[in-house]
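Coordinate inspection notes
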Amino acid sequence: MADVALGKALPADRSALLRWLRDYGVYGGVVALLLFNIAFTDHFVSSENFRTQAIQVAPILIVALGMALAIGSEGVDLSVGSVMALSTSLLSLYLGYGIWVALLVVIVGGAAVGLVNGSLIAFIGVQPIVATLALMVGARGLALVLLPQLKDVRDPGMATLGSGDLAGVPYVVYIAAGLALAVGFTVRRTTFGRQLLAIGDSRPAAQLAGLPVRRVLITVYVLSGVLAAIAGFLATARLSASDPTALGDLMELSAITAVVVGGTPLTGGRVRIGGTVAGAVLIQLLTATLIKHDLPPSWTQIAQAVVIVLAVYVARERGKR
Amino acid sequence: MKPQARNASIRTLLAVGLATSLALTAGCAKSEDDASEDKGSDSAQKSEQNGQEVAEGGSTETCTAEKYGAEKLDLKGATVGFSQSEKEANPFRIAETASIKAEAKKRGVKLLAANAQSKFSKQISDVQDLIAKGADLLVIAPLNSDGWEPVLKSAAAKKIPIVTIDRKINATPCKDYVSFIASDFTEQGKRAADQMIEATGGKGEIAILLGTPGNNVTTERTKGFTDQLKAKAPELKVVFKQTGEFARGKGQSVTEQLIQSEPGIKGIYAENDEMGLGAVTALKGAGKSAGDVKIVTVDGTKSAVQGVVDKWIHGVVESNPRFGPLAFQTLDTFTKGEEVRQELIIKDGAYTGANAEADLGKAY
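Residues numbered from 1 in each chain as written. Chains lettered and ligands numbered in written order. Predicted model: local features only at pLDDT ≥ 70, side-chain atom pairs only at ≥ 80, totals over all residues.

Side note on the overall build of chain B
A count of helices and strands for chain B gives 13 helices and 15 strands. Considering chain B as a whole, with its 364 residues, one finds that 49% of them fall into the buried category. Summarising the internal contacts of chain B: among those between residues at least 6 apart in sequence, 77% fall at separations of at least 24. (Helix = DSSP H or I, 4+ residues; strand = E, 2+ residues; numbered from the N terminus. Buried ≥ 20, exposed ≤ 12 C-beta atoms within 10 Å, placed from the backbone. Contact = placed C-beta atoms within 7 Å.)

As structure tokens, then:
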């Protein structure tokens, strides 16, 4: 999170410029979009507007945090969107026992999906993209078996969580910020974080060095599952409804984009939490800008595609280094 | 490595077992209001009787069993195969299937039902299965309009009459299929425009929440709405047109952006109820009161009509899913050897402040 070093001397040659762009480009993108909107978007500078953007970005950010861990371990978690759906189904089924029981069940559900993901990857040696793809299909299916169609959520506690605030800042923003700090701390300051990066750098080397590779990998996917489940819980609170068909649809794509745009290489070994936060904000601002200027929906899709291509391009450059 | 590998598979089994047990514990789940679930399907069946009427329009050409080359038979005692296109995961599909099943039961017809789960290849094999299982007649809710040749061939070989509902098959009527019972999505858009004009006085700025891009329902509901605005209320300007992908969550996010950037917006036309309900959630979250922004939606689901009763939604144009009575009526007439129309359009109702409370039971 000490990444914000825009004041660094501008690099001289091309490769250094590219590296600088890779590491700090996402902050530049956020600043540029903010400036553009301040200049050209009506009613952009208002507390209501910033509040809206902050509330909308929270679930993307929370999912992206888990995705950053998975990508840092040289994996990926495609099941996050479906875990959100599973979480909303479980929430709807267990809300009768109260909000805390429902939250507990939702977290256990997310952890269970993560445990299966992690076991497939760590013990059976299934490629992360394949293992989590299987769970992406399976968890969505399970979500729809548990709750076949949208159901309203009327619990007042959920309504408060979804739209309430403390000192003008929505609860969900505190939760997202808290989780970002916690994940950032875990990556930088804990043994688990260092082991995760070592495994992402080179799994054989980590194995030779005697690191608990399997335990770390399973923990990574459990954390990713739990974070996605929490995101699903918050998204349900905001919508006041459980919609297992649509909730979390294409979320894996947004999360991967946020992580990669934020400067975490797909090749593993590095995790940039500050960049991931900025990446999620960038995606949110981009979507908001296109919607506010009422560009045709197809343009929005194209713009998102361009961002993804840019992200992949950046990742490729890094891979060559 | 051996013992470790065994250890590994045991742990994986444990993990899978945990997930399964989680699924099983759903058995002791306790949701907020389990009781209200059943009421919906009850009233869907009760209102069957209301779905009989046919709207004006459509082709007036007719078809008979003789022209089609089918043999006359008694519908009672016949076997009807029903192929549903999408998972019964939304109110429209649930009500549509329920309506077909209820009508079959009422008429004492044996019904074989299949659901393609939104996969076209499955629908093709579903229909072929239904034919193989001995269906004398077919009712199909097609997922696609094209790609039906293999099925039509096997049906033609056995001279099985086909009625398609809600979506058309691109083939020759009275040769490849008997008749098509349609929803008129363009007309629904037009009627939504009429409600919007009435609600806003025909002046001001409004927004459209579009359905999924590239979907024919989206295209037609948009065309009907904008054409009618052009013709009847040129001073009502559409200043915002974004997709909510027919989903409540997306409708909410888009509306949140809309009310920030266009605070003067007078009305929102949502191309389905779900997006309209998402818009309501967004307006509530922004501290607006019921009726501040006039919302008009299309479909007629229970939640949206309740929204009309609560004054958050100005009006709902119905898209009638109760094809059962009309489909079986058509098959009955046809199998008796009498004339049936090649194209029928199902009549849609409407819900406004005047009738929403009284007609809430009719909503699906």
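So, the overall build of chain A
Looking only at helices and strands, chain A has 13 helices and four strands in total. Computed over the C-alpha atoms, the radius of gyration of chain A is 19 Å, within 12% of the 20 Å expected from 2.2 N^0.38 for a compact globule of 321 residues. Within chain A, the fraction of its 321 residues that count as buried is 51%. (Rg over C-alpha atoms; globule rule 2.2 N^0.38 Å.)

A closer look at the interface of chain B and chain A
Accessible area lost upon the coming together of the parts serves often as the stated size of an interface. Each side of the interface is counted separately: chain B has 37 residues, and chain A has 46 residues. Breaking the side of chain B that touches chain A down by element, the ones donating at least two residues are α1 (2–25), β9 (236–243), α9 (248–261) and α10 (273–285) of chain B. Element by element, the count of residues in the side of chain B that touches chain A is highest for α9(B), at ten residues. Partitioning the side of chain B that touches chain A into residue classes produces 16 nonpolar, 14 polar and seven charged. (Nonpolar A, V, L, I, M, F, W, Y, C, P; charged D, E, K, R; others polar.)

Topic: the domain arrangement of chain B
Residue and element names in this part refer to chain B. Each assigned domain of chain B is listed here: domain 1 (54–183 + 321–346) and domain 2 (185–319 + 355–360). The straight-line distance from the C-alpha centre of domain 1 to that of domain 2 is 32 Å. Counting from both sides, the interface comprises four residues of domain 1 and, opposite them, four residues of domain 2. For the side of domain 1 that touches domain 2, the class distribution of residues is three nonpolar, one polar and no charged. (Domains from an automatic or database assignment.)

Description of the pairing of strand β11 (residues 294–299) of chain B
Working note: regular strand, side chains alternate between the two faces of the sheet. All names here are of chain B. Of all six residues making up β11, six are buried, and the element is well covered by its neighbours. Residues K294, V296 and V298 point to one face of β11 and I295, T297 and D299 to the other, with burial holding for every one of them. Remark: the strand β10 (residues 267–270)/α10/β11 crossover connection has right-handed handedness. The pairing of β11 with strand β12 (residues 315–318) spans four bridges and is classified as parallel. (Right-handed = clockwise from strand over helix to strand, strands pointing away. Pairing = 2+ DSSP bridges.)

Some thoughts on the sheet that holds β12(B)
Sheet strands associate in pairs through backbone hydrogen bonding, adopting either a parallel or an antiparallel arrangement. All names here are of chain B. Pairing within the open sheet is mixed, and its six strands lie in the order β9-β8-β10-β11-β12-β15. Strands with a single pairing partner mark the edges of an open sheet, and in this sheet they are β9 and β15 (350–352). Recorded for the sheet is a direction-independent mean angle of 15° between the axes of neighbouring strands. Note that β10 and β11 share four bridges and pair parallel. The residue bridging I268 from the neighbouring strand is I295, located in β11. (Axes fitted to C-alpha atoms, helices over the stretch in contact; angles between N-to-C directions.)

Here's the deal with the packing of helix α2 (residues 47–72) of chain A against α9(B)
Close contact between α2(A) and α9(B) brings their axes to 10 Å; oriented N to C, the two are set at 165°. By the angle between their axes, α2(A) is roughly antiparallel relative to α9(B). Handedness of the α2(A)/α9(B) crossing: left-handed. Together, A:E48, A:N49, A:T52 and A:Q56 of α2(A) and B:S253, B:E256, B:Q257 and B:Q260 of α9(B) make up the contact between the two elements. In the contact of α2(A) with α9(B), the residues fall into no nonpolar, six polar and two charged. (Parallel < 35°, antiparallel > 145°, perpendicular 65-115°, else oblique. Left-handed = near helix turned anticlockwise from the far one by under 90°.)

A closer look at the confidence of the model for chain A
Low-pLDDT stretches of the model should not have their predicted coordinates read in fine detail. Residue-level pLDDT values for chain A average 89, and 93% of them are 70 or greater. Here residues 1–9 of chain A scores under 50 on pLDDT; set against residues more than four positions off or in separate chains, the count is ten contacts. (pLDDT = per-residue confidence, 0-100.)

A look at the sheet that holds strand β14 (residues 343–346) of chain B
Residue and element names in this part refer to chain B. Overall, mixed pairing links the seven strands, which are arranged β1-β14-β7-β6-β5-β3-β4 in an open sheet. If you trace the sheet from one side to the other, it starts and ends with β1 (54–55) and β4 (110–115), each paired once. Those strands touched by helix α5 (residues 120–132) are β3 (79–84), β4 and β5 (137–140), and its axis lies near 175° from that of β3.

What about the nonpolar core?
Core analysis: the biggest nonpolar cluster contains 148 residues, and A:L61, A:V63, A:A64, A:M67 and A:A255 have the highest contact counts within it. Here this core takes 18 residues from helix α10 (residues 213–239) of chain A, the largest share from any one element. Inspection of this core shows a minimum of three residues originating in each of domain 1 (54–183 + 321–346) and domain 2 (185–319 + 355–360) of chain B. Apart from residues lying up to four places away in sequence, A:V63 is in contact with A:V80, A:L227, A:A228, A:A231, A:M251 and A:A255. In terms of nonpolar packing, the next biggest core, distinct from the first, is built from 41 residues, B:A65, B:V139, B:F328 and B:L344 among them. (Core = buried A, V, L, I, M, F, W, Y, C linked by C-beta atoms within 7 Å.)

Here's the deal with unusual backbone geometry
One can expect most non-glycine residues to show negative phi and most peptide bonds to be in trans. Positioned with a positive phi, A:L250 is a non-glycine residue whose angle comes to about 65°. By secondary structure assignment, the location of A:L250 is in the loop between β4 (241–242) and α11 (251–261).

With respect to the environment of A:R154
Along the polypeptide, A:R154 turns up in the loop between β1 (151–152) and α6 (156–163). Sequence separation between A:R154 and A:L197 is 43 residues; the distance between their C-alpha atoms is 43 Å.

What to know about the confidence of the model for chain B
All names here are of chain B. In this model, chain B carries an average pLDDT of 85, and 86% of its residues clear a pLDDT of 70 or more. When pLDDT is averaged over each helix and strand of chain B, the minimum, 41, is found for helix α2 (residues 36–46) and the maximum, 96, for β10. Residue range residues 35–51 is modelled with pLDDT below 50. Its contacts to residues more than four positions away, or to other chains, number 23 contacts. Interface confidence for the predicted complex, expressed as ipTM, amounts to 0.85; the pTM equals 0.84.

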